[in-house]
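Okay, here's what each chain looks like letter by letter:
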Amino acid sequence: MKMKIMISAVLAFLLLITGCTQPQQTKPIVTVTISPQKYFAEKIAGEKFEIHTMVPNGSSPESFDPSPGAFVSLNNSKAYFKIGYIGFELAWMDKIQRNTPDLKIYDNSEGIELLENKEHTCSDPTHHHEVEMTIDPHIWSSPANGEKIARNMLKAFVELDPENKAYYEANYDQLLKEIHQTRDSVNQMLADQRGEAFVIYHPSLTYLAHDYGLKQYAIENQGKEPSAAYLKSLIDIVKESGAKVIFIQQEFDVKNAELIAKELGVKIVQINPLSYEWNTELIGIAKALDDK
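In this report, we go over the structure that sits alongside the text. (Residues numbered from 1 in each chain as written. Predicted model: local features only at pLDDT ≥ 70, side-chain atom pairs only at ≥ 80, totals over all residues. Heavy atoms only, no water.)

Looking now at the overall build of the protein. For the protein, the helix and strand inventory stands at 10 helices and 10 strands. The long-range fraction of contacts in the protein, counting pairs at least 24 apart against all pairs at least 6 apart in sequence, stands at 64%. Summing over all exposed atoms, the protein offers an accessible surface of approximately 15,400 Å²; the carbon and sulfur share of this is 51%. (Helix = DSSP H or I, 4+ residues; strand = E, 2+ residues; numbered from the N terminus. Contact = heavy atoms within 4.5 Å. Areas by Shrake-Rupley, 256 points an atom, 1.4 Å probe, with all protein chains shown as cover.)

Encoded structure:
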């Protein structure tokens, strides 16, 4: 009898040891470029995937250089969702594909019309400045585009995990309700703002401005700090436009925004277009424009 008890105890111990040493089952990983994408991806993926972000909070996706550890983490991903045309992706996507040839890559900008951002050019009499047209990658700054991004993600998750199609579709339907609520709030606040102007350091609200007929004036000049001549010209244009708000972002220097605000007597509002809280951020931006 004692022998049976001892054998049972040993077997129970061995089962406990085996259970502890077995590798834990982890969720498959999908990596995205920026936090707003993570917002959409987590809403749709629910508990089925773990979502990682390549560009950390507080870093600019236009110039971010990933660490070697970031590439090691990427090797564990089942798929990569790119936002489409942002600086980090233009610089690193080819290398990502070479280093992780089995990684599935999905473009969240599919079906979205990419807009060119015509940057303000100063009228410096000693220099001739050409108008530079650049693709604006900030497609998520529009509620309408948010819906398209979500739809692209739904297709990707269903392809990655077709057995749980109904689960992802149900989550997508719920997300769509949130997107529509955000759209309705923004529509209400910006309905009477068509033709109004605003100033921003880095031109990250081009799609919002396009959808609602707003005029966006950027302090940044072709991706660089503005010259004195450029600033003078910009101040004259902003004064004529009647803009009453200047948006600043944490990734960029604010001294020139403060200079313009002091010169023109307009308010400064800090925003974070890269916020994970996509819906809250868009509504906050619309409210700042509506409160002018």
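Under the counting rule described, the total for this entry stands at six salt bridges. Among the salt bridges present, the one from Glu178 reaches Lys43, with a minimum N-O distance of 3.3 Å. Here Lys43 lies in helix α2 (residues 35-45) and Glu178 lies in helix α6 (residues 165-190), a separation of 135 residues in the sequence. Here Lys43 falls in the partly exposed class, since its relative accessible area comes to 31%. With a shortest N-O distance of 3.5 Å, Lys255 and Glu225 are connected by a salt bridge. Taken as a pair, Lys255 in helix α9 (residues 255-264) and Glu225 in the loop between β8 (215-218) and α8 (228-241) lie far apart in primary sequence, 30 residues in all. (Salt bridge = Lys/Arg side-chain N within 4 Å of Asp/Glu carboxyl O. Buried < 20%, exposed > 50% of the residue type's maximum accessible area, 1.4 Å probe, protein only.)

All right, on to the nonpolar core then. Counting 66 residues, the largest nonpolar core has Phe81, Phe157 and Phe247 as its most contacted members. Discounting chain neighbours no more than four positions away, the residues touching Phe157 are Val30, Ala41, Ile44, Ala45, Phe49, Ile51, Phe81 and Tyr168. In this structure, Ala197, Tyr230, Val238 and Ala243 belong to the second largest nonpolar core, which totals 18 residues. (Core = buried A, V, L, I, M, F, W, Y, C linked by side-chain atoms within 4.5 Å.)

Attention shifts here to the packing of aromatic side chains. By the definition in use, this model includes 12 aromatic pairs. Relative to Phe40, the ring of Tyr39 lies with its centre 5.3 Å away and its plane at 80°, an arrangement referred to as edge-to-face. On the accessibility criterion, Tyr39 (2% relative accessible area) is buried. By relative accessible area, Phe40 is classed as buried at 1%. Feature note: the residues Phe49, Phe81, Tyr106, Phe157, Tyr167 and Tyr168 constitute an aromatic cluster, connected by ring pairs. If you follow Lys48 out to its NZ or CZ, it ends over the ring of Tyr167, 5.0 Å from the centre. (Phe/Tyr/Trp six-rings, centres within 6.5 Å; stacked < 30°, edge-to-face > 60°. Lys NZ or Arg CZ within 6 Å of the ring centre and 35° of its normal.)

What you see with strand β1 (residues 29-32) is no split at all: Ile29 and Thr31 on one side and Val30 and Val32 on the other are buried throughout. Relative to strand β2 (residues 50-53), β1 runs parallel, the two being bridged by four bridges. Bridge pairing links Val30 to Ile51 in β2. For the segment spanning β1, α2 and β2, crossover handedness is right-handed. Where β1 lies against strand β3 (residues 77-82), four bridges are found, and the strand directions are parallel. (Pairing = 2+ DSSP bridges. Right-handed = clockwise from strand over helix to strand, strands pointing away.)

All right, on to the sheet that holds β2 then. Read across the open sheet, the four strands follow the order β2-β1-β3-β4; overall the sheet is parallel. Strand pairing shows two members of the sheet lacking a second neighbour, β2 and β4 (104-107), which therefore form its edges. Taking the axes of each pair of neighbouring strands and ignoring which way they run, one obtains an average angle of 25° across the sheet. The sheet contact formed by β3 and β4 spans four bridges and is parallel. Bridging across to β4, Lys82 finds its partner in Asp107. Relative to the sheet, helix α4 (residues 87-99) contacts β3 and β4, its axis offset from that of β3 by approximately 155°. Running over the sheet, helix α5 (residues 143-160) touches β1, β2, β3 and β4 and is turned about 165° from β3. (Axes fitted to C-alpha atoms, helices over the stretch in contact; angles between N-to-C directions.)

Here the focus is the sheet that holds strand β7 (residues 197-200). Read from one edge to the other, the open sheet built from four strands follows the order β8-β7-β9-β10, with strand pairing classed as parallel. The open sheet is flanked by β8 and β10 (267-271), the only strands paired with a single partner. The average undirected angle you get between the axes of adjacent strands in this sheet is 30°. Two elements, strand β9 (residues 245-249) and β10, share five bridges in a ladder whose sense is parallel. Note on β10: the bridge partner recorded for Ile248 is Gln270. Those strands touched by α9 are β9 and β10, and its axis lies near 165° from that of β9.

Function-wise, these values are silent; they only describe arrangement.
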